[in-house]
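Analysis of the macromolecular model
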Amino acid sequence: MAALVAVAGTLIGSLTTYVFQRRTTEHANAAAREERRRQERLAACSGYAVAVTELKRGVITLWFRRRASPPDQDAWMTAQIEADRLGAAAEAAAFHLHLVADDPALRRLMNAISAKIAALDEAEDRDALRGMETEFEQAVHAFLDEAARRIR
């Protein structure tokens, strides 16, 4: 009888240990998965912000090249190619962000940023361009603030 109780106690102890270890492992795996997702969202959001900021720089350079006096067709063409390349990079960053963090609030803010970038090209003069650049920066900060809230 004592041997049977000892065997049963050992089996119950082993089963209990197994259950606790399994729960601990599952919890650790879930926490690691969530941290990886958080890091991926963080990288996607910051990558997008960097890409649109670089695009803004490229669009402003193009704006100045277009209005240069005397006109320099080669410089304008180089700036146009660079702005196109930066636009493609910003679009790729937006696609990546959409895939890792499909969030309607972030998409609305991203659309606002895109509108601000498009408006830069329409600036009539340097003062208007500076004002539009400030609006762009405010839109990026609004995006970053919302992204930070969602990532935490």
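Described below are features of the structure shown in this document. (Residues numbered from 1 in each chain as written. Predicted model: local features only at pLDDT ≥ 70, side-chain atom pairs only at ≥ 80, totals over all residues. Heavy atoms only, no water.)

Another aspect to go through is a nonpolar patch on the surface. Where nonpolar side chains cluster on the molecular surface, the patch consists of Met1, Leu4 and Val5 and spans about 390 Å² of accessible area. Here valine 5 lies in helix H1 (residues 2-66). (Patch = residues over 30% accessible without salt bridge, like charges linked within 9 Å, V, L, I, M, F, W, Y side chains within 5 Å. Areas by Shrake-Rupley, 256 points an atom, 1.4 Å probe, with all protein chains shown as cover. Salt bridge = Lys/Arg side-chain N within 4 Å of Asp/Glu carboxyl O. Helix = DSSP H or I, 4+ residues; strand = E, 2+ residues; numbered from the N terminus.)

What follows concerns the pattern of salt bridges. Under the definition given, this model contains 16 salt bridges. One salt bridge in this structure joins arginine 57 and glutamate 82, with 3.7 Å as the shortest N-O distance. With arginine 57 in helix H1 and glutamate 82 in helix H2 (residues 73-100), this pair connects stretches of sequence that are 25 residues apart. Using a relative accessible area of 38% as the deciding quantity, one classes arginine 57 as partly exposed. We note a salt bridge from lysine 116 to glutamate 135, for which the minimum N-O separation is 3.5 Å. In this pair, lysine 116 sits in helix H3 (residues 104-120) while glutamate 135 sits in helix H4 (residues 126-151), placing the two residues 19 residues apart along the sequence. When its relative accessible area of 28% is taken as the criterion, lysine 116 is described as partly exposed. (Buried < 20%, exposed > 50% of the residue type's maximum accessible area, 1.4 Å probe, protein only.)

What follows is about the packing of aromatic side chains. Scanning the model with the defined rule gives two aromatic pairs in all. Ring geometry for tryptophan 63 versus phenylalanine 64: centroids 5.0 Å apart, planes at 85°, classification edge-to-face. On the basis of relative accessibility, which here comes to 4%, the residue tryptophan 63 falls in the buried class. (Phe/Tyr/Trp six-rings, centres within 6.5 Å; stacked < 30°, edge-to-face > 60°.)

Positionally, glutamate 146 belongs in helix H4. Overall, the relative accessible area of 14% leaves glutamate 146 in the buried class. Looking at glutamate 146, its side chain comes within polar contact range of the side chain of arginine 149, at 2.7 Å. Aside from chain neighbours lying at most four places away, what touches glutamate 146 is Ala105, Leu106 and Leu109. (Polar contact = N/O pair within 3.5 Å; in protein donor to acceptor, adjacent residues only side chain to side chain. Contact = heavy atoms within 4.5 Å.)

This part covers the nonpolar core. In this structure, Cys45, Tyr48, Val52, Leu97, Ile113, Ile117 and Phe143 are the most contacted members of the largest nonpolar core, which totals 28 residues. With nine residues, H1 is the largest single contributor of residues to this core. Apart from residues lying up to four places away in sequence, isoleucine 117 is in contact with Val52, Leu55, Val59 and Phe136. (Core = buried A, V, L, I, M, F, W, Y, C linked by side-chain atoms within 4.5 Å.)

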